[in-house]
Amino acid sequence: MYLAANGRPDAPPRPPGVRRRVPAAVLALGTVSLVTDISSEMVTAVLPLYLVLGLGLTPLQFGFLDGMFNGATALVRLLGGRLADRRGHHKRVAGAGYLLSALSRLGLLLAGGATGGIAAALAADRLGKGIRTAPRDALISLSGPPESLGRSFGVHRAMDTTGALLGPLAAFAVLWATADAYDAVFAVSFCTGLLGVLLLVAYVPAAPRPAATRPAARVRAAPPRRPVLRDPVFRRVLYASALLGATTIGDAFLYLLLLRGLDLPPALFTLLPLGAAAVYLLLAVPAGRIADRTGRRTTFLIGHCALLGAYALLLAPVRVPTVVGVLALLGVFYAATDGVLMALAAPALPAAGRAGGLAVLQTGQALARLLGAAGFGAAWTLWGQRPALWVAALALAGALAAASRILPAAPAVPQEVP
């Protein structure tokens, strides 16, 4: 049996006079993600320097290794979601993913200059990230009431982004203190990642109870474990997110367009993501609260309107205010879409299939974005950057119009009843 809320289920109304706090499990998972992202971004910040300048790999070799493992991550998410749903072991599967990523830092430390060892360590890191993502998001969605999922995901994403901002600073602090000893970065990263695993074990509950819905809900029968793709509401969310993802050209291309427009030195390329991440950090929680109050569907679409605005600014003559505007709009885009999409889709999935359903959604979106980035790269090569950007902007505008019709106006909010 499931409960389907009346009214606007994509933003279930809060009972009068009730103020809900962010669940302790969400704060614990946010802390785990913060610590883990410090560990991960420490390595990410120095890895190109270590591999290309330290070990002599060509940029083509590094790009091949990184791109191949990033693509595989999207598919591994399906395995992580299925394993978590099989017996409800969301915490165990997520913990295995976090532990695998932590051990990958130790692998980099022990690999020395061996290319095979480095490739194995990178593969372990990506596999760990792929395995843990869906079970972690399922835990978040099961830890709080449906009407506050946007805020819960916003808090988690804000804490996660804090770790992503602190990681590179920690890496360069270690390099400065040790006279560019990359091994020291890997050792500190391993210890930090292991701390994240210990925090997960100690503070994250193994099996949070699905939150109760409002008393005014009506009951409808449905098969408890039917495949998620048979649910018409979930399919519409999946199709809309994949369509919009296929018209997203990728952050790296946006930064390259800014860099070329201003004729900046390549060294500043690594600083551009910090601007978007800072905006994302500031707006993730407010965007989640707004989504809970006004509707997650609307917030999700507005986020893509912000991305379209960034494309429009790039088509204008690039000046410093344009750079600030593009980075700000990119941060708004992520704040209004990343956690909000999970909050939009999660209530439409039964608790027994929550992790697997979110894994399907995340994988579909990731593969669509890979396709979109590849298509934009091909268009840039064939026609030049400005015509390619015009095509991308028109495609995103069309996708927004289509997604506004595809996304359900009032999706069901199922909750299992014991």
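Student: Got a minute to help me understand the packing of helix α8 (residues 251–262) against helix α10 (residues 296–315) in this structure?
Tutor: Two numbers describe a pair of packed helices, the interaxial angle and the distance between the axes. One can describe the packing of α8 onto α10 by two numbers: an axis separation of 11 Å at closest approach and a directional angle of 25 degrees. For the element pair α8 / α10, the angle class is roughly parallel. Considering how the two elements wind past one another, α8 and α10 form a crossing that is left-handed. For the pair formed by α8 and α10, the contact residues are L254, L257 and L258 on the first element and L307, Y311 and L314 on the second.

Student: Sorry if this is basic, but what is going on with α8 here?
Tutor: Because the α-helix completes a turn every 3.6 residues, residues three or four places apart line up on one side. With 12 residues, α8 extends 17 Å between its outermost C-alpha atoms, agreeing within 8% with the 16 Å of an ideal straight helix rising 1.5 Å per residue. Of the residues making up α8, those classed as buried are F253, L254, Y255, L257, L258 and L259.

Student: In this structure, what is going on with the nonpolar core? I would like to understand it.
Tutor: A general trend in soluble globular proteins is that nonpolar side chains are found buried together. Judged by nonpolar contacts, the single largest core of 77 residues is most densely connected at I249, Y311, L330, L361, F376 and L389. Looking at which element gives the most residues to this core, the answer is helix α11 (residues 320–345), with 13 residues. When sequence neighbours within four positions are dropped, the list of residues in contact with I249 reads L254, Y311, G372, A373, F376, L389 and A392. Among the nonpolar cores identified, the runner-up in size contains 17 residues, and L47, A111, I118 and L175 belong to it.

Student: Would you mind showing me how to read the packing of aromatic side chains here?
Tutor: Centre distance and the angle of the planes are the two values used to describe a pair of aromatic rings. Applying the stated criterion across every chain, the model contains five aromatic pairs. Centroid distance F376 to W380: 5.9 Å. Interplanar angle 65 degrees. Geometry classified as edge-to-face. Placement of the pair is F376 and W380 together in helix α12 (residues 354–383), with a separation of four residues, close to one helical turn. Take F376: its relative accessible area is 3%, and that puts it in the buried class. Looking at W380, the relative accessible area reads 15%, which means it is buried. By way of ring pairs, the aromatic residues F253, F376 and W380 are connected into one cluster.

Conventions adopted
- Residues numbered from 1 in each chain as written.
- Predicted model: local features only at pLDDT ≥ 70, side-chain atom pairs only at ≥ 80, totals over all residues.
- Heavy atoms only, no water.
- Axes fitted to C-alpha atoms, helices over the stretch in contact; angles between N-to-C directions.
- Helix = DSSP H or I, 4+ residues; strand = E, 2+ residues; numbered from the N terminus.
- Parallel < 35°, antiparallel > 145°, perpendicular 65-115°, else oblique.
- Left-handed = near helix turned anticlockwise from the far one by under 90°.
- Contact = heavy atoms within 4.5 Å.
- Expected span 1.5 Å × (residues − 1).
- Buried < 20%, exposed > 50% of the residue type's maximum accessible area, 1.4 Å probe, protein only.
- Core = buried A, V, L, I, M, F, W, Y, C linked by side-chain atoms within 4.5 Å.
- Phe/Tyr/Trp six-rings, centres within 6.5 Å; stacked < 30°, edge-to-face > 60°.

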